[in-house]
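Residue-level structure breakdown
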Amino acid sequence: MYSFRLVYIFSYNLFQFCGHTWILANTIARFFTFGQGLTGLLKEAEWHHQAALAVMADNPPPDALADTFYSVGFVMSLCQLLSILEIFHIADGIEKARLLPRFIQVIEKNILLIMVIMLEEIQSKPVVSVQFFLWNILDLLRYPHELLCVMKRPSVAMLWSRYSLWIPLYILSVFIEGVIIYEALPYLETSAPHLPSLLLLYLPLLAVGGSVTVWQLLKERKHHLEKRYKSKKKK
């Protein structure tokens, strides 16, 4: 008979997997529906970077990008809010993982998401759509692996993807978080004059936190892959 803790952690990981799958499918469908493939998204990002100061309010981006946050923002916010529970999962021993990197990931994601929710002006920016896309890819690499571990059927391919693909994507995600924060500064200068200074101080902390997380994840990757290799060698 399955314990309550096992059923709970399985249900949690399954919910997160389904939520992020829906967000990713919805985002991709919108890009195809509105003719916004990857090339179009990169062109919009380049255009926005060159004319950011001139088009803050008078010349908004195309509807496909402008509506992405409104389309998936609620589900994304719910998934990220619930991810705070993962800190307690690790602290309680329900999930076997390092607490520090998970704590940093959860906090930095929720800080950025709160800022995006508060500032409607940046919700339609291409970098926000790219960040949502990366967050979903990262979580869709992690939660299937967690589900297989809960069922005690770990996959070597999923384990390798969980760390070897996840780490470079996470580095890119942290960089884009910094870009979003930097682009939000002009909008905060008028509505909350004290916040830009705090966010400028937060950017180095984001870089340090990301570096610590990568360092911890590399150690975790080495531990899991060596453990998997030794178990296969014994068989």
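Anyway, here's the lowdown on the structure attached to this text. Starting afresh in each chain, residues are numbered from 1 along the sequence in its written order. Local features in this predicted model are restricted to residues of pLDDT 70 or higher, and side-chain atom pairs are both shown and tallied only at a pLDDT of 80 or more, whereas totals for entire chains, interfaces and linings draw on every residue. Note that water and hydrogens are dropped before the side-chain values are worked out from all heavy atoms of the structure.

1. Considering the overall build of the protein chain
As a reminder, the rule being used: For helices the rule is a DSSP run of H or I covering at least 4 residues; for strands it is a run of E covering at least 2, with both sets numbered from the N terminus onward. With a 1.4 Å probe rolled over the protein chains alone, any residue whose accessible area is under 20% of its type maximum counts as buried; one over 50% counts as exposed, and the rest are partly exposed. Note on contacts: a residue pair qualifies if any of its non-hydrogen atoms lie within 4.5 Å across the two residues. Note on areas: Shrake-Rupley, 1.4 Å probe, and residue coverage restricted to the protein chains presented here.
Looking only at helices and strands, the protein chain features 9 helices and 0 strands. Taken from N to C terminus, the helices and strands of the protein chain fall in the order α-α-α-α-α-α-α-α-α. For the protein chain, buried positions account for 44% of its 235 residues. Intrachain contacts of the protein chain at a sequence separation of at least 6 include 80% that bridge at least 24 residues. Here the protein chain displays about 13000 Å² of accessible surface, and carbon together with sulfur accounts for 69% of that area.

2. A few points about the nonpolar core
Stated precisely, the cut-off is as follows: Residues enter a nonpolar core if they are buried and are Ala, Val, Leu, Ile, Met, Phe, Trp, Tyr or Cys, with the set joined through side-chain atoms within 4.5 Å.
Met 115, Ile 122, Phe 132 and Ile 180 are the most contacted members of the largest nonpolar core, which totals 36 residues. Breaking this core down by element, the ones donating at least two residues are helix H4 (68–82), helix H6 (99–118), helix H7 (126–150), helix H8 (156–191) and helix H9 (195–234). The element that contributes the greatest number of residues to this core is H8, accounting for 13 residues. Here Ile 122 is in contact with Met 115, Val 116, Val 128, Ile 180, Ala 184 and Tyr 187, once residues within four sequence places are set aside.

3. Thoughts on H8
Convention followed: Given the number of residues in a helix, its expected span is that number minus one, multiplied by 1.5 Å. Fitting one axis to the seven residues ending at a residue and another to the seven starting there, the bend at that residue is the angle between the two axes.
Compared with an ideal rise of 1.5 Å per residue, which puts 36 residues at 52 Å, H8 spans 50 Å between its outermost C-alpha atoms and is within 8% of the ideal. Leu 185 marks where H8 bends most, by close to 40°; the proline Pro 186 follows one to four residues later.

4. Some points on the state of the cysteines
Quick note on the threshold: Cysteine sulfur atoms that come within 2.5 Å of each other are treated as a disulfide pair.
The final tally for this structure, using the stated rule, is 0 disulfides. Among the cysteines around Cys 18, which has no disulfide bond, Cys 79 carries the closest sulfur, lying 9.6 Å off. Exposure remark for Cys 18: the relative accessible area of 44% places this residue in the partly exposed category.

5. Things to note about unusual backbone geometry
Notably, Lys 152 is not glycine yet its phi reads approximately 60°, a positive angle. The residue Lys 152 is located in the loop between H7 and H8 in this model.

6. So, the environment of Met 158
The topology assignment puts Met 158 in helix H8. For Met 158, a relative accessible area of 22% gives the class partly exposed. Separated by 13 residues in sequence, Met 158 and His 145 place their C-alpha atoms 5.6 Å apart.

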